[in-house]
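# Report on the structure
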Amino acid sequence: MQENATEVTAAGIARLAGVGRAAVSNWRRRHADFPKPVGGTETSPSFALAEVEDWLRAQGKLAEVPLRERVWQQLAGHPAGPVTALLHAGATLLLVHDRPTEWLALSATADDEVLAEGLSVSLEGVLTPRFGHATERAVATPRPADLRPSIPLLRGTAELAAELGARRAFAFLLGRHLDANPRQYTLTPPGPAALMAALAGPTGPEGGGTVLDPACGTGALLHAARGHGTGPARRLYGQDASPELAALTALRLALDGREAPDAAPTVRTAAADTLRADALADVRADVVLAHPPFNERGWGHEELAYDPRWEYGLPARTESELAWVQHALARLKDGGSAVLLMPPAVASRRSGRRIRADLLRRGALRGVIALPAGAVPPNNVPLHLWVLRRPTAAAPAAPELLLVDTTGTAEGDMREKQAWTAVQDVVLDAWHAFDRDGALAERPGLARSVPVIELLDDEVDLTPARRLPPPAAGTGGAAELRTVRADLADTLRLTTELTPKPGAPAPAPVRWPQTTIGELARAGALSLRTAATGGTPGAPARVPVLTDHDVLTGTAPSGTQTGDDDPVLLEAGDVVVPVVGGGATARVVDEATAGAALGRGLALLRPDPAALDPWFLAGFLRSTANNRQASSYASTATRLDVRRLQLPRLPRPEQARYGARFKALAAFEDALRQAARLGEQLVQGLHDGLTDGTLDPSGDPAPGHAADPE
């Protein structure tokens, strides 16, 4: 076996073969010729990818593995680590995109050593025009010795580019890497990133603008700003303390667009601590966007005490976020805009009140917007957006500050596109009106522009919720109560219809002949698919994704695709089952959900209607005993081997009889969820009505308020 060969875990082998991990364990026990572990640990061994592929191919289990899955396994198991492999793949994709004939000539050789030598020279030739000379760019040219272990991966990556295009190939690999390592990166979701770019406004006249992200991470904000508004950015600058992230951002932005190389925007990224060692000190940007690190104590308070960036005051050691705010203002052109994501404490901490006051007096801070919890990680904290503008000598300081609080407008999971779109529309509507007129009429509980003089008290507290009047109380509390009571009565009535009659004798358990999902799949009665076993030909590039959370909570598809992956599209009558986390859950796809993509962590069962009733299938899959016998246990999670789930062998008419009852149970479950949501809203509304005086403790409307029309 070649030293430093790409390795793959048991989970990776399962994805390659389109089976569960239990099947891989069975192969290791039953087949003496199964490849031996070459690394990892006793409980989580790793295997040489080449040996595994040869074995699977010999067993006839590798015939339908998608190219993208093979390339991903090569990247994930790279001996130098997935990030190094991703950088090599990105640089090679840039060569494929900019100089395709040069790559074809290089890759024609079968000698990997020769290819590594020539590729290193060619990459230098394509990276320099894109990112500048080696001393001034974050993307280093890999040496031949570094490229040698990556050659099989790079050949596969080029094949993937021929199938998807260079841009989508890199987006897929980067997205899969970020999904696989969620705790290693601070990510800004696409929705909030787009909102930040929209708040900052156009980047310059005729597309000549400059955008800077001084804490660029994986480049989400620069990606969002690139094509926003009427003037897409022509110069993109990013800096990050992590050299790997700075390089990944540069490659992502270079591969983002479809322009010819000579028409693509200038992309420059630097790897350095932005506050201590600003590598982009000479840049003056039209727009600065940033999602900086929060709560840093070691940001450089002592050594930067006399830094000229602190125009509004030296930030306290505990106020690293205010250092980032002033850095953003210092890098703007006069009149330029900045939008920063901030933790809510920055708006009220006593240690920052003097800097907040000076930002207000000089008109640098234009708006503070509270986002709902769950919009941006950490999901339990409602983060704020600060909208800033660098003051100019010609323009007087703005007399008012816009405050927006969307925490009360959010309905549902913020990962759902509909929920986030509603929040975004509220924010942009308020901002555009305020930006145009310099003031905003009061929108109770939602938004208002506050005179700066009112904010300059001892606290200088800019938390929107503390400065906004409560929302206007409705007059339909009693009517709403009657509606919820009627809904609850209907739900309770369902319980009597769906449960056995009191006193009815309990029938003896029935022992049906059983079959398994695996046997049904082999017989053609159903097909089994996962999100990693290949997409739907001709599927749209962007569709909503049904996640495991959606299946568990009964909500609409809330996920978004990453990596421009070809999705597995759902059809009405499909049955979807979560495979991780335990619990007996299955969902039948209805017409409203059809067309969404299958999310990771889910298995899709598509029954042949002539052989299987989908509600019968879903109902028996939810059996607690069925799930228990088909589950395996890891240290932190339970995994379901869907192929081992059992069904009774029943004729189609009998299936339909059971299916009708299971469908009624699903409707009952939906009704219970709806009743719980309505009950929570009603209880909170009654609390609010009692505390703001619109309801009397007797239950009647308070004096001076309209009575219920009935």
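In this report, we go over the structure that sits alongside the text. Bear in mind that the values here come from a model prediction, so they are computed numbers and not experimental data. (Residues numbered from 1 in each chain as written. Predicted model: local features only at pLDDT ≥ 70, side-chain atom pairs only at ≥ 80, totals over all residues. Heavy atoms only, no water.)

Glancing now at the overall build of the chain. Looking only at helices and strands, the chain features 24 helices and 22 strands. Across the 710 residues that make up the chain, the buried fraction comes to 49%. Partitioning the contacts of the chain with sequence separation of at least 6, the portion at a separation of at least 24 is 74%. For the chain, the exposed surface amounts to about 32900 Å²; the carbon and sulfur share of it is 53%. (Helix = DSSP H or I, 4+ residues; strand = E, 2+ residues; numbered from the N terminus. Buried < 20%, exposed > 50% of the residue type's maximum accessible area, 1.4 Å probe, protein only. Contact = heavy atoms within 4.5 Å. Areas by Shrake-Rupley, 256 points an atom, 1.4 Å probe, with all protein chains shown as cover.)

What follows concerns the sheet that holds strand E17 (residues 587–588). One open sheet accounts for four strands, arranged E14-E19-E16-E17; its pairing is antiparallel. Taken across any chain shown, the strands that pair with only one partner, and hence form the sheet edges, are strand E14 (526–530) and E17. Judged from the two bridges that link them, strand E16 (residues 575–578) and E17 form a sheet pairing that is antiparallel. Directly across from Val575, in E17, lies its bridge partner Val588. Each of E14, E16, E17 and strand E19 (602–607) is contacted by helix H22 (residues 614–621), which is oriented at about 15° to E16, the strand it contacts most. (Pairing = 2+ DSSP bridges. Axes fitted to C-alpha atoms, helices over the stretch in contact; angles between N-to-C directions.)

This part takes up helix H3 (residues 49–58). Of all the positions in H3, only Leu49, Val52, Glu53, Trp55 and Leu56 are classed as buried. Seen end-on, H3 carries its buried residues on one side only, within an arc spanning 165°. Its buried side turned inward, H3 meets strand E1 (7–9), helix H1 (10–17), helix H2 (21–30), strand E3 (45–48) and helix H4 (67–76). One or two steps after H3, the chain reaches Gly60, where phi turns positive at roughly 75°. (Arc of directions from axis to C-beta.)

Turning to the sheet that holds strand E6 (residues 266–271), a few remarks are in order. With respect to topology, nine strands assemble into an open sheet ordered E6-E5-E4-E7-E8-E10-E9-E11-E12, the strand pairing being mixed. Each having just a single partner strand, E6 and strand E12 (447–451) make up the two edges of the open sheet. Ignoring which end each strand starts from, the neighbouring axes of this sheet average 15° apart. Its contacts with the sheet place helix H13 (residues 243–256) against strand E5 (235–240) and E6, and it is angled at close to 170° to E6.

On to the packing of aromatic side chains, then. Two measures describe an aromatic ring pair: the distance that separates the ring centres and the angle between the ring planes. Summed over all chains, the structure comprises 11 aromatic pairs. Their ring planes at 50° and their centres at 5.7 Å tell us that Trp27 and Trp55 sit as a pair that is tilted. In this pair, Trp27 is assigned in helix H2 and Trp55 in helix H3, connecting sequence segments 28 residues apart. Of the two residues, Trp27 and Trp55, both sit in the buried class. Three or more aromatic residues link up through ring pairs in this structure, and these residues are Trp512, Phe616, Phe620, Tyr658 and Phe662. If you follow Arg68 out to its NZ or CZ, it ends over the ring of Phe172, 5.1 Å from the centre. (Phe/Tyr/Trp six-rings, centres within 6.5 Å; stacked < 30°, edge-to-face > 60°. Lys NZ or Arg CZ within 6 Å of the ring centre and 35° of its normal.)

Two quantities define a packed helix pair, namely the angle between the axes and the distance from one axis to the other. Orientation of helix H6 (residues 100–107) relative to helix H7 (residues 112–131), taken along the N-to-C sense of each, is 160°, at an axis distance of 9 Å. In terms of orientation, H6 lies roughly antiparallel with respect to H7. The two elements H6 and H7 meet at a crossing, and its hand is right-handed. Packed against H6, whose contacting residues are Glu102, Trp103, Leu106 and Ser107, the element H7 presents Leu115, Gly118, Leu119 and Ser122 at the interface. When the residues that make up the contact of H6 with H7 are grouped by side-chain class, the tally is four nonpolar, three polar and one charged. (Parallel < 35°, antiparallel > 145°, perpendicular 65-115°, else oblique. Left-handed = near helix turned anticlockwise from the far one by under 90°. Nonpolar A, V, L, I, M, F, W, Y, C, P; charged D, E, K, R; others polar.)

All right, on to the nonpolar core then. Of all hydrophobic cores here, the largest spans 86 residues; its most connected members are Phe131, Leu199, Leu289, Leu371 and Leu385. When residues of this core are assigned to their parent elements, the largest contribution, 10 residues, is made by helix H5 (residues 82–98). Two domains each put at least three residues into this core: domain 2 (73–180) and domain 3 (190–466). If sequence neighbours within four positions are ignored, Leu289 has contacts with Met196, Ala197, Ala200, Leu212, Asp213, Pro214, Leu221, Ala225 and Val339. In this structure, Ala215, Val325, Leu329 and Val450 belong to the second largest nonpolar core, which totals 42 residues. (Core = buried A, V, L, I, M, F, W, Y, C linked by side-chain atoms within 4.5 Å. Domains from an automatic or database assignment.)

Attention now goes to unusual backbone geometry. Its identity as a non-glycine residue notwithstanding, Asn295 has a phi of 55°, on the positive side. With respect to the helices, strands and loops of the structure, Asn295 is situated in the loop between strand E7 (285–290) and helix H14 (320–330). Assessed through its relative accessible area of 53%, Asn295 is described here as exposed. Despite not being glycine, Val460 shows a phi value in the positive range, around 50°. Structurally, Val460 is set in the loop between helix H17 (452–455) and helix H18 (464–467).

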